[in-house]
Amino acid sequence: MSSPFARTALTKASNLMRAGAPSGPKKGGGNSLNGEPRNDLIKKVLFDAPPRPPVRFSPEDMTRHETIERAWKLVRQQQKQAQEEGLARKFEMMRKANAELEATSAQLFKHSQTKERHAVFPRQLRTLTDTPPKQIWNYRQPAATPTPKA
Amino acid sequence: MSFPRVILRAGRSCSAMPTRAFSVKSVARSAVEPTYKAPALGVNKTFDEALKVIAEDKAKRLADIKNMEATLAQLVKAAPSAAKDTEIAALKEKIFKQEAYAEINDPEIQWQFKNNKNIDMSKAVFRFMKSKQFKRETLPVIQQRTTQMFVTPDLLPAFTPSVNVQLDFGAGSIPQGTKIADGYFETGSFLLPGKTIKEPKVNVTSFHPEQRYYTIALVDPDMPDVENETYKQQLHWLIANVPLSATQTELTKENADVVLSYLAPHPPKGTKYHRYTLLLAEQPNNGQDKIQIDATQISRETTLRDLCSHFKLEVKGLTFFRQVWDKDVSRIYKEVLQQDEPVYGNQPKVDELLDETGQKKKKFVHM
């Protein structure tokens, strides 16, 4: 394969990632931010990876690249079209169902169209974060037995 | 070049010199237009898959076109109604777009559009691509120049051109440093009077496949009108019933009616620059009607608004160039117009602080 992208398969950045990934047993207590060696690896990839030279295209390669871009755009267009059609069908079924309900019973219809006024978000939700921990929930942890208070 | 000599030596002496692999044929400098060479398959698998996707999409669209044409045939046969014409027009527009989208992703079509100077405008895809290119590249420039130089409020109300007109006054008519697009001068450029004495070639890029009749007029809106202390329009050129289409792009006077022959632009000395505007107006009934303009109905002083309202013309294309007095204009007045050359100037400045005798005006009256 003599494409200009052959080199990208094994760039230095991906080499760094392979080198950085822990292969053997993890050493306890690494000197990393928040106790996560992954942040060090991210910084290494971002700042220590050398800049790559620009890709040079011949006219033939340029034609190929543009054709590929056009075909990909077409595929995404087709996917979007299929999604839109599906949504339109679902909306139409919903609208028909609502119309039928309205014709059937006024009280039930009103109940279906109104929302609870004093609804509140689930208070037991875990706070969302951009940097979640590796283990979110320990399923293997045994249930806590209540300690007897002396 | 030492290559031919090297090969001769190798043939004669059969020495250990390596034979060259390339040919020594020389290609003429003014070679024929390059032809499209399809990219090789098997080099990039994604490209091969892309071609399959594009071919599938094309087949789907062509099938869709067949269905739409069947419904169009039925519609045409059906009873006439108010909504029928709009429906037919909308369906034709849909068919045109599908024809364009079916072939626009073909790499050969893309190459042809970029590299071929004479593309086949009878194909829907090329008409589509050309119209998009016009709207994206040429139209903003024309609109900006016409509004900046006030061509549109002065000559006719503001409109969006749907046809591209370009003038060619011959070699050397575009001054150095002027921006050029496709070999024609940019709208609003300054041209020299000496280069515009002979009539230009008019190139029209339109996007309708059927033939329509147009009227071409070259107007100068900046001729001074001393009696009314304003400016008046002068018609330099008027040609009616010009047949034009997407494939028929040049003005040929044999097919059209020249009502007013070409009069060389002659901006008089003392006036500011003149905007010589060439307009392309579509004739009534979507360009299907021919019009008859008698010499009695119009003159060189007829304004464009009067002309358009009288003959029900709709202006579709516009271009203009600017000119300023030159020594060649004196020559034009003498040889072409055979008139005395007028020279214009400002009115003498009246000092408001002096009276008729030239003395300072008296503030107080001696009682």
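Basis of the calculations
Residues numbered from 1 in each chain as written. Chains lettered and ligands numbered in written order. Predicted model: local features only at pLDDT ≥ 70, side-chain atom pairs only at ≥ 80, totals over all residues. Heavy atoms only, no water. Buried < 20%, exposed > 50% of the residue type's maximum accessible area, 1.4 Å probe, protein only. Helix = DSSP H or I, 4+ residues; strand = E, 2+ residues; numbered from the N terminus. Pairing = 2+ DSSP bridges. Axes fitted to C-alpha atoms, helices over the stretch in contact; angles between N-to-C directions. Patch = residues over 30% accessible without salt bridge, like charges linked within 9 Å, V, L, I, M, F, W, Y side chains within 5 Å. Areas by Shrake-Rupley, 256 points an atom, 1.4 Å probe, with all protein chains shown as cover. Salt bridge = Lys/Arg side-chain N within 4 Å of Asp/Glu carboxyl O.

A. Structural detail: the pairing of strand β5 (residues 212–225) of chain B. Residues and elements named next belong to chain B. β5 sits mainly inside the fold: 14 of its 14 residues count as buried. Here β5 folds back onto strand β6 (residues 230–244), and the loop between the two strands holds four residues, one of which, Glu-229, carries a positive phi near 55 degrees. Relative to strand β8 (residues 274–282), β5 is paired through six bridges, and the arrangement is antiparallel. Following the sheet pairing, Val-219 is matched in β8 by Thr-277.

B. Representation of the sheet that holds β5(B) within the structure. All names here are of chain B. Taking strand neighbours across the sheet as the criterion, the five strands line up as β7-β6-β5-β8-β9 in an open arrangement whose pairing is antiparallel. If you trace the sheet from one side to the other, it starts and ends with β7 (257–260) and β9 (314–323), each paired once. On average, each strand axis in the sheet is tilted by 15 degrees relative to the strand beside it, whichever way the strands run. Relative to β9, β8 is paired through nine bridges, and the arrangement is antiparallel. Bridged to Leu-279 within β9 is Leu-318.

C. Structural context of a nonpolar patch on the surface. All names here are of chain A. Together, Ile-42, Leu-46 and Phe-47 make up a nonpolar patch on the protein surface, roughly 370 Å² of accessible area in all. By the secondary structure assignment, Leu-46 is in helix α2 (residues 37–48). You can call Leu-46 exposed: its relative accessible area is 59%.

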